[in-house]
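Chains, contacts and geometry: an overview
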Amino acid sequence: MIPFNKPPHTGLEDAYVREVLAGEKMSGDGPFGQKCQEWFEQSLPAKKALLTPSCTAALEMAAFLIDIRPGDEVIMPSYTFVSTANAFVVRGARIVFVDIRPDTLNIDEQLIETAITDKTRAIVPVHYAGVSCEMSSIMDIARRHDLFVVEDAAQGMMSSYKGQALGTIGHLGAFSFHETKNYTSGGEGGLLIINDARFAERAEIIREKGTNRSQFFRGMVDKYQWVDVGSSYLPCELQAAYLWGQLEAADDINHSRLAAWSWYYENLLPLEKAGKIELPSIPDGCEHNAHMFYIKTAGLEERTALLDHLKADDILAVFHYVPLHTASAGQRFARFEGQDLYTTQESERLVRVPLWYGITPSEQSRVLESITDFYR
Ligand SMILES: *Cc1c(COP(=O)(O)O)cnc(C)c1O
């Protein structure tokens, strides 16, 4: 069976994890945690980077930081993972979905402005498949309407837009280190990226249960105490140690994934030219990270048949997302502004094929043969 994904593992992680097991510090913000955060702050670069237990947690922190209150509206695509919406819903926000672009499946930047009301507080672009949203337009709209931009860059580590790393363009950004993403901190994990220095101090407090413990550890205050709202948003040192092994191999992982992605692209091109399928498109100015390889079928029926065909050949391919506005919670917590021209239609066409760090040429060939066979 060819699985859909294998969690990234380079081998470098093992010694670092053992080092934590042999030592005295296992809770958050230990030496590995600090090293990971500095790596991000320097390489992205970012004003501040804070490891979190998940991208969901990082997005929740963002909602705290921009002070989302009950009744505030937040604009985002419906074609995304539940956490993009939930992180704001738990603060009382009402979600306003707008349609996606059919080429990248990212939020259609041209539809954002008509969705803005006097209650709108933020725009949350999701960089689907690690391919950037049209950030110049989005940042321009945000500036003109005085809105915050929180980038859901869960899939976007190592991708960029006009030379800027995804997650560093908006006021705040979030990465995921879940095992299905390009880099993992041992199965679960995330990162909050702070690009607007106003949020740096409060972010540490919210992450440390509403206390100024981080300042205490730096010797800035002589005791720590409860100073604000907050929660527990620190991953443990074992997670940071695992992630450090991946950061050391970050370029290798990226090149390896890009090579596998390009191989699929070149070898599936004849099927696209024959009008059978559609392949991903990467707009000018976007450097992607090969997070995902997807193909688009003619529609739902063909998609189901293709998935079955692949399964019969022992290949696990998957689809997603069921648009959030069609889900029961979506109907409670959100509204769709304008027409759903592409969100539902494109989501029903999409098939994600197996791709992971270390997938072999023979595994990729089997996937290609099965797809080619299906369209024969
Ligand atoms: C994976 C993902 C998330 C959630 O990440 P977790 O680390 O599992 O919380 C959020 N948004 C998008 C777009 C994702 O792909």
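Residues numbered from 1 in each chain as written. Predicted model: local features only at pLDDT ≥ 70, side-chain atom pairs only at ≥ 80, totals over all residues. Heavy atoms only, no water.

Selection criterion: UniProt positions are given in the numbering used here, feature names are shortened, and annotations may be inferred rather than shown by experiment.
The name given to the protein chain in an unreviewed UniProt entry is TDP-4-oxo-6-deoxy-D-glucose transaminase, and the organism recorded there is Marinobacter santoriniensis NKSG1. Looking at the protein chain in UniProt, the text filed under Sequence similarities (unreviewed entry) is "Belongs to the DegT/DnrJ/EryC1 family."

Brief notes about the packing of aromatic side chains
Each pair of aromatic rings is reported with the distance of its centres and the angle of its planes. Filter applied, for reference: Two aromatic rings from Phe, Tyr or Trp, using only the six-membered ring of Trp, form a pair when their centres are within 6.5 Å; if the ring planes differ by under 30 degrees the pair is stacked, by over 60 it is edge-to-face, and anything between is tilted. We count a stretch as a helix when DSSP gives it H or I for four or more residues in a row; a strand needs E for two or more, and each element gets its number in order from the N terminus. To sort residues, take the accessible area from a 1.4 Å probe on protein chains only and compare it with the maximum for the residue type: under 20% means buried, over 50% means exposed, and anything in between is partly exposed. Two conditions define a charge located above a ring, namely a distance within 6 Å from the ring centre to NZ of Lys or CZ of Arg, and an angle within 35 degrees of the ring normal.
Under the definition given, this model contains 17 aromatic pairs. Aromatic pair Phe-40 and Phe-175: ring centres 6.1 Å apart, planes at 70°, arrangement edge-to-face. Here Phe-40 is found in helix α2 (residues 31-43), whereas its partner Phe-175 is found in strand β8 (residues 172-176), with 135 residues between them in sequence. As far as burial versus exposure is concerned, Phe-40 and Phe-175 are alike and both buried. Geometrically, the ring pair formed by Trp-261 and Tyr-265 is stacked, given 5.5 Å between the ring centres and 10° between the ring planes. Taken together, the residues span about one helical turn, with Trp-261 and Tyr-265 both in helix α10 (residues 250-273) at a distance of four residues. An aromatic cluster of at least three residues, connected via ring pairs, comprises Trp-261, Trp-263, Tyr-264, Tyr-265 and Phe-293. The cationic tip of Arg-303 hangs over the ring face of Phe-319; the distance from NZ or CZ to the ring centre is 4.1 Å.

Some points on the site of the ligand
Operational definition: Nearness here has a simple test: a residue counts as near a molecule or strand if at least one of its heavy atoms is within 4 Å of that partner. A 3.5 Å cut-off defines polar contacts: any pair of N or O atoms within that distance qualifies, except that in protein one atom must be a possible hydrogen donor and the other a possible acceptor, and neighbouring residues in sequence count only when both atoms are side-chain atoms. Accessible surface area values rest on a Shrake-Rupley calculation with a 1.4 Å probe, where residue burial reflects the displayed protein chains alone. Residue polarity is assigned by list, with Asp, Glu, Lys and Arg as charged and Ala, Val, Leu, Ile, Met, Phe, Trp, Tyr, Cys and Pro as nonpolar; anything else, Gly included, falls into the polar class.
Lining the immediate environment of the ligand, one finds 15 residues, of which Thr-56, Asp-152, Gln-155, Ser-176 and Lys-181 sit closest. Gln-155 is positioned with one of its side-chain polar atoms (N or O) 2.8 Å from an oxygen atom of the ligand. A distance of 2.7 Å separates an oxygen atom of the ligand from a polar side-chain atom of Ser-176. Isolated, the ligand exposes 390 Å² of accessible area, and the fraction of that covered by the protein chains is 93%. In terms of residue class, the shell around the ligand is made up of five nonpolar, eight polar and two charged.

Considering the environment of Gln-331
Note the following rule: Between two residues, a contact is recorded if the distance between any of their heavy atoms is within 4.5 Å.
Summarising the element assignment, Gln-331 is placed in helix α12 (residues 328-333). Among the residues examined, Gln-331 registers a relative accessible area of 55% and is labelled exposed. Each C-alpha atom, one on Gln-331 and one on Leu-258, is 38 Å from the other, the two residues being 73 residues apart in sequence. Apart from the residues within four sequence positions on either side, Gln-331 is in contact with His-325 and Thr-326.

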